[in-house]
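Residue-level structure breakdown
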Amino acid sequence: MSMNMSQLSEKIEACDICAERFSKTKTAHSPRPVFWGSDTAPILIAGQAPGARVHQSGKPFDDPSGDRLRSWLGVEKTVFYDRTHFAIVPMAFCFPGYSANGSDLPPPIVCSKTWHAKVIAAMPQVKLRILIGGYAFKFYLGRSGVTDTVRAWRDVTPGMIPLPHPSWRNTAWLKKNPWFENDVLPFLRARVTEVLT
């Protein structure tokens, strides 16, 4: 039986299936699902997982990565956080934590396996899916190479646009691949404007 967005929000926000996993990370944190679903938004952003700052704030992309992403999209914060415009559904809703050496842990697969299909089913109105990073590429496109996938953006399934993660860690990648800023971003901004108009 399918659930509506209100029911899903309640279930996801109470989810603790990764509690034991998170307790064993360097951060030893508790689950805090950050869910930004919408049954009216025409644009879906499928990211990776919340970072430590978003884990604290409870607001997706509430960090420098979000600033860069909003610049890429050509939208202000008020538009970005308006759920009549954007739904934000990462591959995992909780901050995965850090490994013993301080590296980001990957989003637990159990999260997308448990929730993603249900969430997508509750959002038939979505016209554009913006895929961010290899985990989203693998889930939606069956491929994971970031550079090759983003470079082939014109050939990706209609209604989907792959992007690298907007993290500061990818600044070198952006400098090495100027075609992204020159070719992909103008198309992305135009498409976002078209869908939101």
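If you're wondering where the values come from, they're calculated on a predicted model, not measured in any experiment.

**Details of helix α1 (residues 5-13)**
- Regarding α1, the residues found buried are Met5, Leu8, Ser9 and Ile12. Buried residues of α1 fall within an arc of 100 degrees about the axis and therefore sit on the same side. Structural note: α1 exposes Ser6 and Glu10 on the side pointing more than 90 degrees away from its buried face.
- In this structure, the buried side of α1 is in contact with α6 (109-121).
- Taking the backbone nitrogen of Ser6 as reference, a side-chain oxygen 3.1 Å away marks Asn4 as the first, capping residue of α1.

**A word on the environment of Ser71**
- Within the element layout of this structure, Ser71 appears in helix α4 (residues 64-73).
- Residues Ser71 and Pro166, spaced 95 residues apart in sequence, show a C-alpha to C-alpha distance of 9.9 Å.

**Some remarks on helix α10 (residues 178-196)**
- Taking 1.5 Å as the rise per residue, α10 with 19 residues should run 27 Å; its terminal C-alpha atoms sit 27 Å apart, in good agreement.
- Along α10, the helix axis deviates most sharply at Val184, where the bend reaches about 35 degrees; the proline Pro186 sits within four residues downstream.
- For α10, the full list of buried residues reads Trp179, Phe180, Val184, Leu185, Leu188, Val192 and Val195.

**Focus: the sheet that holds strand β4 (residues 160-163)**
- The 4 strands are arranged β2-β1-β3-β4 in an open sheet whose pairing can be described as parallel. Two strands bound the open sheet, and with one partner strand each, they are β2 (86-88) and β4. Neighbour-to-neighbour, the strand axes of this sheet turn through a mean angle of 20 degrees, independent of strand direction.
- Across 4 bridges, strand β3 (residues 128-132) lies against β4 in parallel orientation. Opposite Ile130, over in β4, you have Ile161 as the bridge partner.

**A few points about the environment of Gln48**
- For Gln48, the position within the fold is in the loop between β1 (43-46) and α3 (52-57).
- Taking the C-alpha atoms as reference points, Gln48 and Cys94, 46 residues apart in sequence, are found 9.9 Å from one another.
- In this structure, Gln48 is in contact with Pro90, Met91, Ala92, Pro107, Ile132, Tyr135 and His165, ignoring residues within four places of it in sequence.

**What to know about the nonpolar core**
- Counting residues in each nonpolar core, the largest one holds 54 residues, and the members touching the most others are Ile45, Leu73, Ile130, Leu163 and Phe180.
- Per-element accounting of this core gives the leading share, 7 residues, to α10.
- Those residues in contact with Leu163 that lie beyond four places of it in its chain are Leu69, Trp72, Ile130, Leu131, Ile132, Gly133, Phe137, Val150, Phe180, Val184 and Leu188.

**Notes on the packing of α1 against α6**
- Contact geometry of α1 with α6 gives a least axis separation of 10 Å together with a crossing angle of 160 degrees. The angle between the axes of α1 and α6 places the two elements in the roughly antiparallel class. Note that α1 runs across α6; the crossing there is left-handed. In contact with Met5, Leu8, Lys11 and Ile12 of α1, α6 contributes Trp115, Lys118 and Val119.
- The residue inventory of the contact of α1 with α6, partitioned by class, reads 5 nonpolar, no polar and 2 charged.

**Comments concerning the packing of aromatic side chains**
- Evaluated as defined, the whole model comprises 11 aromatic pairs.
- Plain terms: the ring middles of Phe80 and Phe86 are 5.6 Å apart, the flat faces sit at 40 degrees to each other, and that makes the pair tilted. Comparing Phe80 with Phe86, the two get one shared label, buried.
- With centroids separated by 4.9 Å and ring planes inclined at 45 degrees, the aromatic side chains of Trp153 and Phe187 adopt a geometry described as tilted.

What counts, and where the lines are drawn
- Residues numbered from 1 in each chain as written.
- Predicted model: local features only at pLDDT ≥ 70, side-chain atom pairs only at ≥ 80, totals over all residues.
- Heavy atoms only, no water.
- Buried < 20%, exposed > 50% of the residue type's maximum accessible area, 1.4 Å probe, protein only.
- Helix = DSSP H or I, 4+ residues; strand = E, 2+ residues; numbered from the N terminus.
- Arc of directions from axis to C-beta.
- Contact = heavy atoms within 4.5 Å.
- Polar contact = N/O pair within 3.5 Å; in protein donor to acceptor, adjacent residues only side chain to side chain.
- Expected span 1.5 Å × (residues − 1).
- Bend = angle between axes of the 7 residues up to and from the residue.
- Pairing = 2+ DSSP bridges.
- Axes fitted to C-alpha atoms, helices over the stretch in contact; angles between N-to-C directions.
- Core = buried A, V, L, I, M, F, W, Y, C linked by side-chain atoms within 4.5 Å.
- Parallel < 35°, antiparallel > 145°, perpendicular 65-115°, else oblique.
- Left-handed = near helix turned anticlockwise from the far one by under 90°.
- Nonpolar A, V, L, I, M, F, W, Y, C, P; charged D, E, K, R; others polar.
- Phe/Tyr/Trp six-rings, centres within 6.5 Å; stacked < 30°, edge-to-face > 60°.

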